[in-house]
Amino acid sequence: MTSADQEGSEAAFCISCGDSNPIADGKCIDCLREEVTVVRGPSGPVKLERCVHCGAIPVREHWDQPTSLVEAVEQSAIGSVLIPEALEGVDVRVVVREEDKKNYVVDVEVTGSYKGVTVEGEAPVRVQVKNVTCQACSRRHGGYYEAIVQVREKGDAEVSDERAGEIAVMIEEEVRRVGGLSGTQSYLLKAEARHGGYDYYFGTKPVAKNIAKRIKDRYGGSLTHSTTLAGEEDGQEVHRLTIAVRLPRVMKGSVIGYGDEIVEVYGRSGNRVLGRTVPEGAGRTIEERHLDRAVVLEPKRVDIVYAAQGEGQILDPESLDAVQVRLPEGVESGGQAWAVKHRERWVVLEAAAPRDDA
Ligand SMILES: [Zn+2]
Ligand SMILES: [Zn+2]
């Protein structure tokens, strides 16, 4: 069924060329194909700005990290061509030819349907990569930051290397996660050891807030926010956010004396810590508000005098007395173990790996 048939006119011939079989608007397939430009390339080369430091490219209002440079080249080529609106079922394919690291030719091939006729076309687009510095990198190189997360232990204790390492992993994950969503301004500018803890400087406030929250979710403790006016940038006041994170004394991995018992803490649930008594292995749940009564024990390296069938003697490192104790698996005569002392009672936690300097 064609419009020519519907009109019942004499147009059994193409109104343009006079051939038979007009199929739409009184025209034949060839003439219909001729009246449409399926794809039209830009008159000159397309410039693709790319940050020379981080590889980000501008996408609308912000900078984004492309999956690859070739993908960014393809996108900018596709974005530069014109395809008529009358085309339906449009399918776009690209073939990228790299001339050198900064010059590409992209063949944009388009197929579609025009007034019922399948049409296809191709436009070569030249893409030139232009090295620039993105806003995030220029800020970062200029030492710009919007927020500091200060991590400290409650009391006088120092943040352990182990905990600092765990926090570093959280920061890495969070910076990558947030950066993947909203550009690359969420960088960690620097980390400084201060007052027994660490100060982490961030490019944006949201990433600092997320990280502070993650640290609190993991270890418990408290957060305090404060804001200071840090100056002006481009005529706008810059307010810096400082989030003080106070880590609680008792957290996952702590060994505490609680009453007469010694409890190894393995996790938290809401405002409770979960633990197991050593050496008995009985489960214990202690509410946060009761933790003031807990004594955080510092594991000490002790010598094993002898070990046999889960029993043995250790050398008290202070008095040098041999003390009879239960021994966990893996502790051997002549070796060393980690042990804690609480209310005159020694408990061995686990075998200690030999010292590096031994
Ligand atoms: Zn014709
Ligand atoms: Zn950059």
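Our subject is the structure that appears above.
Conventions and cut-offs
Residues numbered from 1 in each chain as written. Chains lettered and ligands numbered in written order. Predicted model: local features only at pLDDT ≥ 70, side-chain atom pairs only at ≥ 80, totals over all residues. Helix = DSSP H or I, 4+ residues; strand = E, 2+ residues; numbered from the N terminus. Expected span 1.5 Å × (residues − 1). Contact = placed C-beta atoms within 7 Å. Pairing = 2+ DSSP bridges. Axes fitted to C-alpha atoms, helices over the stretch in contact; angles between N-to-C directions. Buried ≥ 20, exposed ≤ 12 C-beta atoms within 10 Å, placed from the backbone. Core = buried A, V, L, I, M, F, W, Y, C linked by C-beta atoms within 7 Å. Domains from an automatic or database assignment.

Visitor: With reference to specific residues and values, describe helix 3 (residues 69–80).
Guide: A rise of 1.5 Å per residue sets the reference length of helix 3, with its twelve residues, at 16 Å; its end C-alpha atoms lie 17 Å apart and thus fit the reference within 8%. On its buried side, helix 3 packs onto strand 1 (46–51), strand 2 (57–59), strand 4 (88–100), strand 5 (103–114) and strand 6 (117–132).

Visitor: Can you break down the sheet that holds strand 5 residue by residue, with the values?
Guide: Read across the sheet, four strands follow the order 1-6-5-4 without closing on themselves; strand pairing throughout is mixed. If you trace the sheet from one side to the other, it starts and ends with strand 1 and strand 4, each paired once. The average undirected angle you get between the axes of adjacent strands in this sheet is 30°. The pairing of strand 1 with strand 6 spans six bridges and is parallel. What sits directly across from glutamate 49, in strand 6, is lysine 130.

Visitor: Can you tell me about the environment of glutamate 85, naming the residues and giving the values?
Guide: Relative to the helices and strands, glutamate 85 is located in the loop between helix 3 and strand 4. Residue classification places glutamate 85 among the exposed positions, given that 7 C-beta atoms sit within 10 Å. Taking the C-alpha atoms as reference points, glutamate 85 and valine 38, separated by 47 residues in sequence, lie 9.8 Å from one another.

Visitor: Give a description of the nonpolar core that names residues and reports values.
Guide: Within the largest apolar cluster, 45 residues are counted, with the highest numbers of intra-cluster contacts made by Val108, Val149, Phe202 and Ala208. Residue contributions to this core reach at least three from each of two domains, namely domain 2 (39–132) and domain 3 (137–247). Setting aside residues no more than four positions away along its own chain, alanine 208 makes contact with Ala147, Val149, Phe202, Leu241 and Ile243. In this structure, Ile262, Ile304, Ile314 and Val340 belong to the second largest nonpolar core, which totals 23 residues.

Visitor: Before we move on, can you summarise the environment of glycine 335 with the specific residues and values?
Guide: Looking at the secondary structure, you find glycine 335 in the loop between strand 19 (322–326) and strand 20 (336–342). Exposure remark for glycine 335: the 14 C-beta atoms within 10 Å place this residue in the partly exposed category. Along the sequence, glycine 335 and isoleucine 243 sit 92 residues apart, while their C-alpha atoms lie 45 Å from each other. When near neighbours in sequence (up to four residues on either side) are disregarded, glycine 335 contacts Ile304 and Ala351.

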